[in-house]
Amino acid sequence: MDYKLIHELPDRMRIQLAIPARPLPDTSWIEGRFSAIGGIKKVSFNHRTKTLLVCHNGKPEPRNALLKAIGKTPLTLAGRKNLGSCSLGQKKRAMLLSGFLLMTRPIIPIGMRPWIALFGALPIFGKGIRAGLKGRLNVDLLDSSAIGISMARRDYLTAGVIAFLLKVGDYLEEWTRQRSRESLAKMLCQPEWVWIRRNGREERVSRNDIGIGDLVVVRAGSGIPVDGVVVEGEAMVNQSSMTGEPMPVIKREGITVFAGTAIEEGFLVIRAVNVGDETRVSKIIKVIEESEGLKADVQSHAERLADRIVPYSFLLSGLTYALTNNPVKAASVLLVDYSCAIKLSAPLTIMSAMMRS
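Residues numbered from 1 in each chain as written. Predicted model: local features only at pLDDT ≥ 70, side-chain atom pairs only at ≥ 80, totals over all residues. Heavy atoms only, no water.

**Some words on the overall build of the protein chain**
- Regarding its fold elements, the protein chain presents eleven helices and eleven strands.
- Buried positions account for 37% of the 357 residues belonging to the protein chain.
- A fraction of 64% describes how many contacts in the protein chain between residues 6 or more apart in sequence connect residues 24 or more apart.
- Looking at the protein chain as shown, the accessible area adds up to about 20300 Å², and 59% of this sits on carbon and sulfur atoms. (Helix = DSSP H or I, 4+ residues; strand = E, 2+ residues; numbered from the N terminus. Buried < 20%, exposed > 50% of the residue type's maximum accessible area, 1.4 Å probe, protein only. Contact = heavy atoms within 4.5 Å. Areas by Shrake-Rupley, 256 points an atom, 1.4 Å probe, with all protein chains shown as cover.)

**A few points about the environment of Thr73**
- Position of Thr73 relative to the elements: it lies in the loop between helix H2 (60–72) and helix H3 (80–103).
- Here Thr73 falls in the buried class, since its relative accessible area comes to 2%.
- Thr73 sits 135 residues away from Asn208 along the chain, and the two C-alpha atoms are 8.7 Å apart.

**A look at helix H5 (residues 139–152)**
- If you check H5, its first and last C-alpha atoms are 20 Å apart, about what 14 residues at 1.5 Å a residue would give, namely 20 Å.
- Burial runs high along H5: ten of the 14 residues are buried.
- Of the residues making up H5, those classed as buried are Val139, Leu141, Leu142, Asp143, Ser144, Ser145, Ala146, Ile147, Ser150 and Met151.
- After H5 finishes, the residue Arg154 shows a positive phi value of roughly 65°. (Expected span 1.5 Å × (residues − 1).)

**A few points about the nonpolar core**
- With 17 residues, the main nonpolar core has Ile210, Ile224, Val226, Ile263, Leu268 and Ile270 as its most contacted residues.
- For this core, the elements supplying multiple residues, two or more each, are strand S5 (193–198), strand S7 (215–219), strand S8 (227–238) and strand S11 (262–274).
- At four residues, the largest contribution of residues to this core is made by S11.
- Among all residues touching Ile210, those that are not within four sequence positions of it are Val194, Val216, Pro225, Val226, Ala272 and Val275. (Core = buried A, V, L, I, M, F, W, Y, C linked by side-chain atoms within 4.5 Å.)

**Brief notes about the sheet that holds strand S1 (residues 3–9)**
- The four strands lie next to each other as S1-S2-S4-S3, forming an open sheet whose pairing is antiparallel. The open sheet has two free edges, formed respectively by S1 and strand S3 (40–46), since each of these has just one partner strand. The sheet shows a mean angle of 20° between the axes of neighbouring strands, direction not considered.
- With six bridges connecting them, S3 and strand S4 (residues 51–56) associate as antiparallel partners. Residue pairing in the sheet places Asn46 in a bridge with Thr51 of S4.
- Each of S1, strand S2 (12–17), S3 and S4 is contacted by H2, which is oriented at about 10° to S2, the strand it contacts most. (Pairing = 2+ DSSP bridges. Axes fitted to C-alpha atoms, helices over the stretch in contact; angles between N-to-C directions.)

**Considering the packing of helix H4 (residues 113–133) against H5**
- Close contact between H4 and H5 brings their axes to 8 Å; oriented N to C, the two are set at 150°. One finds that H4 runs roughly antiparallel with respect to H5. In this structure, the crossing between H4 and H5 has a hand that is left-handed. Along the contact surface, H4 presents Pro114, Ala117, Leu118, Ala121, Ile124, Phe125, Lys127, Gly128 and Ala131, while H5 presents Asp140, Leu141, Asp143, Ser144, Ile147, Gly148 and Met151.
- Of the residues contributing to the contact of H4 with H5, the split by class is ten nonpolar, three polar and three charged. (Parallel < 35°, antiparallel > 145°, perpendicular 65-115°, else oblique. Left-handed = near helix turned anticlockwise from the far one by under 90°. Nonpolar A, V, L, I, M, F, W, Y, C, P; charged D, E, K, R; others polar.)

**Remarks on a nonpolar patch on the surface**
- On the surface, Leu97, Phe100, Phe119 and Leu122 cluster together into a nonpolar patch covering about 410 Å² of accessible area.
- Contributing elements (two or more residues each) for the nonpolar patch: H3 and H4. (Patch = residues over 30% accessible without salt bridge, like charges linked within 9 Å, V, L, I, M, F, W, Y side chains within 5 Å. Salt bridge = Lys/Arg side-chain N within 4 Å of Asp/Glu carboxyl O.)

And the structure:
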C-alpha cells in the first residue's frame, strides 16, 4: 500500500497509511503484521487518523524492513475480513427489523401501518424500479409489483410478510456464502506467524515475510506455510486438504511438502520454493474465490428460467382479472408466483455443495 512518512526520530516514526475508510481496518491485524519484524519494539495503529506509530531499536535495518513490508502489503487486505460480515450483518439487521415490525403490528397505531409497510418495502421497490427503467421483466419487478398491489389494496400485512420473506431469503443466501468461505479458510488453514532459521537461530516472522530459499521450521500441530523441500527432520503430515488422503503421510529429507497441509507428529525444516500467492493452496483459494463471482451453467439457466416466467405471471394475472373482474384473484397470481424460489434455490444449492464437498 502507499504510505507517507509524517515524522521520524532516531528510534521512532509515524507513518500515514493509504487505507480506505470503508470497511474499517482491523487494528489488531495491522499491528501484528508489522510488529513481527525484527528490531521493532512497538507498533500502534490509530484507525481514525490512519497513522502507524512505530518504535524500533534505532538501527536502519528494521526501519527499511518496515517500509518495505508496508509497500508490499495489499491496499484492501487489512479490511478484507470485514467485508462479508458487514454485508451479512446489514442483511441480518434488515431481516430482524422487518420481523420485529410484523410481530408488533397489533400494537402499532393503524395510521402508522402504511408508512411502516412502505419503509420495509423501499429496498424492494428500488430494485423493481431499476429493472423497469431498464425494460426488464424480471423477478425484482415481480416482487415489487406484488407488494405494490397489496399496499394499493391496503393489505399491509401481506405486503409486510412478502418483504420479510424476501429479506429472509437474502440473509440465508449471504449466510450460506459466508459459511462456505469460513469452512474453506478452516480447511486450508495457513498460519499467520512462522518460525524461520537464520544465522543458526530461529526467528518468528509473519508468513508474508518468508522469501524463497528461507528455512522454515514447522513442528507438530502447526500448518506448513510454504511449498518446499524438506532439508531436515521427519514428520507425519496430514495432506487431506490437498489430496484427500485420510491418513497422514511420512515426510523426510528430500521430499516435497505443500502449504495448507499440517504436521501431526515430528518436525521439519523446509527450504521454501514457492511462497505467498505462488503456493498451490493460494492458487486453489484464488480459483474458489473467483468462482463465487462466476455463475455455474445450472444457476444461469435457473435465473433465465425464473425471469422468463415473469411475463407469463403478469399475463396470467391480467387474464384472471379480465375473466373474473376480481382484483383480489388477479393479485393472488402474483403473490403465489414461484419463479423467485427457482432463482434463489440454485445459488444456495451450489454454495452448500461447495461448503460440504
